[in-house]
Amino acid sequence: MSQSHQQPALPTCPGCEEPLDAGDRFCGACGHDLSAVPTGPGDRPTVAVAVPPAGQAKAGPGDAGRAGAGTPDAGAPRAGAVEGGAVRWPAAAETDSSDVPAPVHSPADVPGTDSDGRPLTGPGAESGGGAGAAPGGPAHEEAGAVRVRHDHRAAPGGGTATGAAADAGGAARTTGDRAAAVAGVAPDGAAEPGGDPDSGDFPLAAPDPRTAEHAPAAPAAGEKVCVACRSGRVDPDGYCENCGHAQPRERDHMEQELDTVAAVSDRGLRHHRNEDSFAVSSTALPDGSPAVVAIVCDGVSSASRPDEASAAAATAANEALLASLPRGTHPQQAMHEAIVAASEAVNALAQEPAGAMGHDAHRHQNAPACTLVGAVVAGGLLIVGWVGDSRVYWVPEDRTRPTARLTEDDSWAAQMVAAGLMNEAEAYADDRAHAITGWLGADAYELEPHTAAFKPDRPGLVVVCTDGLWNYAESGEEMAAAVPADAQERPLHAAQVLVGHALDGGGHDNVTVALLPFAVGPDGAGSARASV
């Protein structure tokens, strides 16, 4: 009986890695023909990878003999042998476990790059490969593939410095039997002038506006400066040329202080403009004694141009008092004439050129309108006058003494209380409470200026204000509690505090207040009142 040739026993099937028994010729799991499997190579100890010296021939596809039927080429050196400092790698098997021809790579076939993607320098770099690339490393790019990088600038001279690029045009380089087109593309545009090419920053698309040469020049001396950026000029339209911020209007917040009177006006928190206005001044009577004047006006929001109406009324009343008091006119009569002059100034705003009323026959029904309240301290007297719902309060320096409200409102609530139809609490709780029944304007039913004269016997403070303030301190006691204790010595500061009190309460309306400290003469005369 003939004897069959026995192949060396294999521990596992090379096709499915299933365990084998001694003497098996075929795999019991996948049927693989074990007789066609070559004997594995001998031991291959791990050796250090060394970079071949310059000029050393690199291992190529034809440098080593092909493996025979299961045994290495007899002419090849032992696996891992080192000759002259260079590694001679063992020849690869002709086929792998799937009977597919195994690819053979030489170190020069794999492009060598450092961790930053730049070509390695030294031996072998010129051919696109890393001299120290180990076998089994990542294969090079497929033929025709293009790799694009955006993290490096253009290299000096117009070329690029990414990957294994050949030039700025992205030309392909062929290594060994395969061709890999690897192109490096820098970001659009050239590197930033004067910049560091290795900084890794992208060039700016536009110059930094903070350092641009076209930045607006600083305001000249005397020009308005933006309240937001503190550096830009304010154009005639009221906007900053640098940041575009709309500037506060001049009347949004106004303050004025004289020796014996001070006033503050603020737009408030809800209105888009300040429709209040004031005027404070001082003059001398014929005997040389001082006379101090404070006028406060509140524009009627439902009328047209209320801000113009209040400004015209305050200016006209103040000028009338400054003209009549030095002539010796009694202060109470001078106050009455001043209110009439203010009314005429507001009426003039409603006058239109000839033929201008033709397009709106009812234009006069919405004429500019405002209220007015004023006070004059002269010759030991306190004179007050008003039309509308602005008020005057008396706050004694000694806060243990009673305070008083010196005016009566021209309003629906005041009429209900005067007629006995409602008490004060009920009247002011009604939605119609603040509807005014008297005002200055061309459409006023009838002008009825109110004036009153007082002769206080003790020092105190005269508070002249619009409803934007007294809505948050309505009674005399509430107003006295809001007035600072040092208001006699610091009237402007006290006026600022009162405006702040209204803003803290909500600031629903424009807020205006004028304060006149009242000093009593050495005779300490008693009080008296005469009203018209």
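Quick caveat, the model's predicted, so the values are computed rather than measured.

(A) Spotlight on the environment of Glu308. Looking at the element boundaries, Glu308 is found in helix α1 (residues 306–324). In sequence terms Glu308 and Asp276 are 32 residues apart; their C-alpha atoms lie 9.3 Å from each other. Sequence-distant contacts of Glu308, defined by excluding residues within four places in its chain, comprise Arg251 and Leu349.

(B) Focus on the sheet that holds strand β16 (residues 511–518). Spatial strand order, β5-β6-β16-β15-β11-β12: six strands in an open sheet with antiparallel pairing. Where the open sheet ends on each side, the last strands, each with one partner, are β5 (253–257) and β12 (404–405). Bridge analysis of β5 against strand β6 (residues 262–266) gives five bridges, and the strand direction is antiparallel. Note that in β6 the partner of Met254 across the bridge is Ser265. Against the sheet, helix α7 (residues 491–504) makes contact with β5, β6, β15 (460–465) and β16, and its axis sits at roughly 145° relative to β16, the strand it touches most.

(C) Representation of the pattern of salt bridges within the structure. According to the stated counting rule, one finds ten salt bridges in the structure shown. Between Glu308 and Arg305 there is a salt bridge, with the nearest N and O atoms lying 3.1 Å from each other. Overall, Arg305 belongs to the partly exposed group, its relative accessible area being 28%. One connected set of salt bridges, linked through shared partners, spans Arg273, Glu275 and Asp307.

(D) The pairing of strand β10 (residues 381–387), seen in detail. With six of its seven residues buried, β10 lies for the most part within the structure. Note that strand β9 (residues 369–378) and β10 share seven bridges and pair antiparallel. Bridged to Ala378 within β10 is Leu381. As consecutive antiparallel partners, β9 and β10 are separated by two residues, and within that stretch Gly379 has a phi angle of approximately 60°, a positive value. Here five bridges tie β10 to strand β14 (residues 450–454), and the two strands are oriented antiparallel to one another. From the neighbouring strand, Gly385 faces β14, where its bridge partner is Thr451.

Rules used throughout
Residues numbered from 1 in each chain as written. Predicted model: local features only at pLDDT ≥ 70, side-chain atom pairs only at ≥ 80, totals over all residues. Heavy atoms only, no water. Helix = DSSP H or I, 4+ residues; strand = E, 2+ residues; numbered from the N terminus. Contact = heavy atoms within 4.5 Å. Pairing = 2+ DSSP bridges. Axes fitted to C-alpha atoms, helices over the stretch in contact; angles between N-to-C directions. Salt bridge = Lys/Arg side-chain N within 4 Å of Asp/Glu carboxyl O. Buried < 20%, exposed > 50% of the residue type's maximum accessible area, 1.4 Å probe, protein only.

Any functional reading would require information beyond the geometric quantities listed.
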